[in-house]
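Below, each chain spelled out in residue letters.
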Amino acid sequence: CTLPPTCHRPGHATTLRSTELEAHHAKFHTWVCQAEGQAMGSTKKCNKVFPDARILELHQTECHDPIASLRKDRGEKI
């Protein structure tokens, strides 16, 4: 597999059977945060990997949602 964000390193190629590749894809490439943010002056994608849709959604709300950030700063629940 050579898909980002976890497998695109040079020399990281492996041969997997189709069932192993499906399991690998489900674990490392299905629930990836694609939000962009400012990091050291350049725009980069977050690329964090999560185990399921619910945890990914919570991460996006807590880390990338400007409205949730304002609510948090005011002491409101998000």
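Everything below is about the structure printed above this text.
Residues numbered from 1 in each chain as written. Predicted model: local features only at pLDDT ≥ 70, side-chain atom pairs only at ≥ 80, totals over all residues. Heavy atoms only, no water.

J.: Pulling in residues and values, what's your account of unusual backbone geometry?
T.: Residue Asn47 is not a glycine yet carries a positive backbone phi of 60°. Mapped onto the elements of the fold, Asn47 is located in the loop between strand E2 (42-45) and helix H2 (53-64). (Helix = DSSP H or I, 4+ residues; strand = E, 2+ residues; numbered from the N terminus.)

J.: Pulling in residues and values, what's your account of the state of the cysteines?
T.: The final tally for this structure, using the stated rule, is zero disulfides. Looking at Cys46, it has no disulfide partner, and the nearest cysteine sulfur is the one in Cys33, 3.9 Å off. Between Cys63, a cysteine without a disulfide, and Cys46, which holds the nearest cysteine sulfur, the sulfur-to-sulfur distance is 6.9 Å. (Disulfide = S-S within 2.5 Å.)

J.: Describe H2, listing the residues and the values that go with them.
T.: In an α-helix, one turn spans 3.6 residues, which is why side chains three or four residues apart end up on the same side. For H2, spanning 12 residues, the distance from its first C-alpha to its last is 15 Å, which sits close to the expected 16 Å at 1.5 Å a residue. Of the residues that open H2, the one with a side-chain oxygen 3.2 Å from the backbone nitrogen of Arg54 is Asp52. (Expected span 1.5 Å × (residues − 1). Polar contact = N/O pair within 3.5 Å; in protein donor to acceptor, adjacent residues only side chain to side chain.)

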